[in-house]
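One-letter residues, chain by chain:
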Amino acid sequence: MARLTRELGHSETTFLQPATIAGADARLRILIPTGSGAVEVPFAGHPILGSACALAADRTEPSTVTFQTGAGLIPVHVTPLGNGSWEASMTQPLPRVVWSRPALPGLAEALGLSPADLAPGLPVEAVDNAMQTVIIPLGSVEAVDRCQPDLTRLRALLGRDGLCTLAFAPGGLEPGSDLHCRVFSPFDLVSEDPATGSANGPLGDYVIRHGISARRELISEQGDRLGRPSRIRIQIDIDENGNTRTIRVAGRVQRIGGGSFII
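Residues numbered from 1 in each chain as written. Predicted model: local features only at pLDDT ≥ 70, side-chain atom pairs only at ≥ 80, totals over all residues. Heavy atoms only, no water.

In this section: the nonpolar core. Of all hydrophobic cores here, the largest spans 43 residues; its most connected members are Ile 48, Val 76, Met 90, Leu 166, Phe 168 and Leu 203. A per-element tally of this core places helix H6 (residues 197-209) first, with five residues. Residues contacting Leu 203, with those up to four places away along its chain left out, are Ile 135, Leu 166, Phe 168, Leu 179, Cys 181 and Ser 220. Residues Leu 113, Ala 126, Val 144 and Ala 167 belong to the second largest nonpolar core, which totals 23 residues. (Core = buried A, V, L, I, M, F, W, Y, C linked by side-chain atoms within 4.5 Å. Buried < 20%, exposed > 50% of the residue type's maximum accessible area, 1.4 Å probe, protein only. Helix = DSSP H or I, 4+ residues; strand = E, 2+ residues; numbered from the N terminus. Contact = heavy atoms within 4.5 Å.)

Set out below in structure tokens:
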């Protein structure tokens, strides 16, 4: 699995195995390429959506695929659209705030920005939903696009909490978008990810907790600077006390190819 992950060179590569616990359709193994080979991660967003659609490829009606992952059972609702495309929506583990601080000294510079580009009055937060993400609010969409991160400095500054480093601003390049973000991976061979469902779920929670938006369904833009624009739907359910009860991340999945390996 590690050799294939390195050979493909994508942000993540998944492997399906028979489930070992009740309630799962399959066990899903998720690997990411690193400088020393590849490592397995317990949870991710887009590879789970894509894998669910691959597993449900022969189904003609909406259905739910449930994966056994390192983060527990993850259900994905899949709706076939025809021509090798699907709508898919996954329920994510709720994020835990590891720490919340004012802008860290040197953080703006590590992103290739100035301190004035950081959003005033909003904290930088490390969150964990079985994947570690640091969320950095910036003052404008233009500042997000201007990021030129020094990955060595980000590694030193954030440590493993910044496995995914998400910089975002309210607004977007397209009408109807609520958020614009980029996700950097200081520990991976793939330094910037065009679509990161595992990080966008906690982003939706952050936006609501800090009063940036009252909307319960948000559209997040990602991947535009890479020429691979992604539009991610984040759906947040709130309980009677104002706390996040459920996070779902949804989007369209398109099959682009197929084949086999001879090893």
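With six of seven residues buried, strand S4 (residues 63-69) is to be regarded as a mostly interior element. Two strands pair when backbone bridges link them, and strand S2 (residues 26-34) and S4 are joined in this way by two bridges, in the parallel orientation. Counted as the bridge partner of Arg 27 is Gln 68 from S4. Looking at chain direction, S4 and strand S5 (residues 72-82) are connected through seven bridges and run antiparallel. Its bridge partner lying in S5, Gln 68 is registered against Leu 73. Once S4 ends, the chain turns through two residues before running back antiparallel as S5. (Pairing = 2+ DSSP bridges.)

Summed over all chains, the structure comprises 14 salt bridges. Of the charged contacts, one joins Glu 174 and Arg 231 as a salt bridge, the two residues approaching to 3.1 Å between their closest N and O atoms. Residue Glu 174 is found in the loop between strand S10 (164-170) and strand S11 (179-184), and its partner Arg 231 is found in strand S14 (residues 230-238); the two are separated by 57 residues along the sequence. Residue Arg 231 is classed as partly exposed on the basis of its relative accessible area, which comes to 26%. The residue Arg 231 makes a salt bridge to Asp 224 at a minimum N-O spacing of 2.9 Å. (Salt bridge = Lys/Arg side-chain N within 4 Å of Asp/Glu carboxyl O.)

Take the packing of aromatic side chains next. What the rule picks out here adds up to one aromatic pair. Taking 5.7 Å as the distance between ring centres and 80° as the angle between the ring planes, the aromatic pair formed by Phe 168 and Tyr 206 counts as edge-to-face. Of this pair, Phe 168 sits in strand S10 while Tyr 206 sits in helix H6, placing them 38 residues apart in sequence. Like Phe 168, the residue Tyr 206 is buried in the burial classification. One cation-aromatic arrangement involves Arg 101 over Trp 99; the distance from NZ or CZ to the ring centre is 4.1 Å. (Phe/Tyr/Trp six-rings, centres within 6.5 Å; stacked < 30°, edge-to-face > 60°. Lys NZ or Arg CZ within 6 Å of the ring centre and 35° of its normal.)

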